[in-house]
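# Notes for the structure review
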Amino acid sequence: MTAVTDEVLTFDEAMEKYDPVLGFEVHVELNTRTKMFSSAPNAFGDVPNTNVTPVDLGLPGVLPVVNGVAVESAIKIGLALNCKIAEKCYFARKNYFYPDTPKNFQTSQFEDPIAYDGSIDIELADGTVFTVEIERAHMEEDAGKLTHMGGSTGRIQGAEFSLVDYNRAGVPLIEIVTKPIEGAGSRAPELAKAYVAAIREIVKNLGVSDARMERGNVRCDANVSLRPHGQEKFGTRTETKNVNSLRAVEHAVRYEIQRHAAVLDSGTPILQETRHWHEDTRSTTSGRPKSDADDYRYFPEPDLVPVVTNDAWIEKLRAELPEPPAERRKRLQADWGYSDAEFRDVVNAGVMSSIEDTVAAGVSAAVARKWWMGEISRRAKLADLEPAELGVTPELIVELNALIESGKINDKLSRDVLDGVLAGEGTPAEVVEQRGLAVVSDDGPLLEAIDGALAAQPDVADKIRGGKVQAVGAIVGGVMKATRGQADAGRVRELILQRLGVEG
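Please read these numbers as outputs of a predicted model, since none were measured by experiment.

## Overview of the domain arrangement of the protein chain
For the protein chain, the assigned domains are domain 1 (11–297), domain 2 (322–435) and domain 3 (443–500). Here the C-alpha centre of domain 3 lies 61 Å away from the C-alpha centre of domain 1.

Structure, rendered in structure tokens:
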């Protein structure tokens, strides 16, 4: 069943009347070897319910133990966000009853987060910088994963039954919570996308998370409220839960602004609630009334001691931090030799890290940019995906480029090879062999195609004989068409001129 969309105003109409206020809660799964409070492996994609221990299942008599690496990762994230680090912080039980939480509570932090009072500068496409203030970054554990079966949407509505996988239960999470973000105006959706992209870049750069949004390593809860222009008091907010792509974050914020505006214009109050994002309709639907902190009945976790930090430990971790993202961007632009416009396009397309990985895998910055900004971005746009979500790896681009440089295929044929690889037909070399895509460089078949092209265009042949050598391109085009793009264009040109007795 497809989600039913609400009435909305156009975005411009909403902006004429209302001022958006944003807030984001970004959940980052850490890539520690084991879970937050148990020795169970922290691994994605394993057989369901195999990476669990009695601690993860909340069995009677078990005691949790804090993952020290996760604590250090949390501190590093806090430092990267310019946060203060708590001298002492505590864990708390967040009580709620849901099948993916076997303990019937989540071990989190409430009044005493590990990091607080930070800020991060977010640069938009045109160079405008917004400073987003960070309220807190706290440690907690992830829930299990429910798979709803029998319905058409994959959601619980309409499902016949649900399966639960506790492999994810207990995976270390850092939740990064912003303070209310005011003043973004019509750029609120763009800022939302850029902020989540910046958080993803930071945690990936720190090495504390794989940061793969399609796997749920980074998930965003996007809070939106509207208030009439000139009003200081915030409006009632809604929270769109677990948005897991940059494009979806931008679209979800835009939609909620338009929906809120329509509701307010009708004279109906906004319901404070969670919302679900639907990529197919690019709309949200109602979830549940939003709980306040009191509803979770937080209380201190009695089975865990406080986490106590000291200056020496914090400064040691600070010294281990990689270069900040802004400095990294400057370095990469200088290393790659891109112009300001070229590099800005790369950043805005979200392919900077992909290009960096591809250059590290063994191709030039120019080749990497050609692929990621060209064919891969084109395909991603058609599929309505982020370029990194297409499944193209740096190693694949290296193999394709090697085939091009060796003369075995050309640029046009490389796109057909890419089709085959993404369709699961094998490696680039195997696809070339199986599909018969190798460039034709043998003179026999080329001369046959050339003779046919010359016969079909005698006027062009006469122009070439008369000294207009640039007209040879038309004959080359005919040969390429006859050979389905598999001819060696350089060799074809040479043979055409030889055939016509013209010096090149």
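From this point, the narrative continues.
## Some thoughts on the sheet that holds strand β4 (residues 92–95)
Across the sheet, three strands lie side by side as β5-β4-β15; this open sheet has antiparallel pairing. Of all strands in the sheet, those with a lone pairing partner are β5 (105–108) and β15 (299–300), marking the two edges. Of the strand pairs in this sheet, β4 and β5 are connected by four bridges, and their pairing is antiparallel. The partner of Asn95 across the bridge, within β5, is Phe105.

## Regarding the sheet that holds strand β6 (residues 115–123)
Spatially, β2-β6-β7-β10-β1-β11-β12-β13-β14 is the arrangement adopted by the nine strands of the open sheet, whose pairing is mixed. Strand pairing shows two members of the sheet lacking a second neighbour, β2 (84–85) and β14 (283–289), which therefore form its edges. Against the sheet, helix α3 (residues 68–80) touches β2, β6, β7 (129–141) and β10 (172–178), its axis set at about 20° to β10.

## Considering unusual backbone geometry
Of note, Asn49 is a non-glycine position whose phi angle comes to about 60°, a positive value. The phi dihedral of Arg297 falls on the positive side, at around 50°, and the residue is not glycine. Following the sequence through the fold, Arg297 ends up in the loop between β14 and β15.

## A few points about the pairing of strand β12 (residues 238–243)
Direction of pairing for strand β11 (residues 218–228) relative to β12: antiparallel, over a ladder of four bridges. Paired with Cys220 across the two strands is Val243, which belongs to β12. Here β12 runs beside strand β13 (residues 273–278); their pairing, made up of two bridges, is parallel. Residue pairing for β13: Glu239 is matched across the bridge by Thr274.

## Considering the nonpolar core
By size, the foremost hydrophobic cluster in this structure holds 72 residues, and its most contacted members are Phe24, Met139, Ile176 and Tyr195. Among the elements that make up this core, the one with the highest residue count is helix α4 (residues 188–206) (11 residues). Excluding residues that lie within four positions of it along the chain, Ile176 makes contacts with Phe24, Glu25, Val26, Val28, Ile77, Leu81, Ile134, Arg136, Ala137, Tyr195 and Ile199.

## Regarding the pattern of salt bridges
Side chains bearing opposite charge may pair, as long as their charged atoms lie close to each other. Enumeration over the complete set of coordinates arrives at 40 salt bridges. A salt bridge links Asp117 to Lys84, with the nearest nitrogen and oxygen atoms 4.0 Å apart. Placement of the pair is Asp117 in strand β6 and Lys84 in strand β2, with a sequence separation of 33 residues. Its salt-bridge partner being Glu250, residue Lys193 comes within 4.0 Å of it at the nearest N-O pair. Of this pair, Lys193 sits in helix α4 while Glu250 sits in helix α5 (residues 246–265); the two residues are 57 residues apart in sequence, bridging distant segments of the chain. A single salt-bridge network, built from bridges that share partners, covers Glu201, Glu323, Arg328, Arg329, Arg331, Asp335 and Glu356.

## Quick notes on the side chain of Ser73
Considering the arrangement of structural elements, one finds Ser73 in helix α3. Classification of Ser73 by relative accessible area gives buried; the value is 8%. Residue contacts for Ser73: discarding those within four places in its chain leaves Leu30 and Val208.

## Details of the pairing of β7
Where β6 and β7 come together, eight bridges link them in antiparallel fashion. If you follow Tyr116 over to β7, its bridge partner there is Arg136. Where β7 and β10 come together, seven bridges link them in antiparallel fashion. When the sheet's bridge partners are listed, Met139 is paired in β10 with Ile174.

## Notes on the state of the cysteines
By the definition in use, this model includes zero disulfides. Lacking any disulfide linkage, Cys83 is separated from the closest cysteine sulfur, that of Cys89, by 13 Å. Here Cys83 falls in the buried class, since its relative accessible area comes to 9%. Cysteine Cys220 remains unbridged, with the sulfur of Cys83 as its closest cysteine sulfur at 17 Å.

So, how was this worked out
- Residues numbered from 1 in each chain as written.
- Predicted model: local features only at pLDDT ≥ 70, side-chain atom pairs only at ≥ 80, totals over all residues.
- Heavy atoms only, no water.
- Domains from an automatic or database assignment.
- Pairing = 2+ DSSP bridges.
- Helix = DSSP H or I, 4+ residues; strand = E, 2+ residues; numbered from the N terminus.
- Contact = heavy atoms within 4.5 Å.
- Axes fitted to C-alpha atoms, helices over the stretch in contact; angles between N-to-C directions.
- Core = buried A, V, L, I, M, F, W, Y, C linked by side-chain atoms within 4.5 Å.
- Buried < 20%, exposed > 50% of the residue type's maximum accessible area, 1.4 Å probe, protein only.
- Salt bridge = Lys/Arg side-chain N within 4 Å of Asp/Glu carboxyl O.
- Disulfide = S-S within 2.5 Å.

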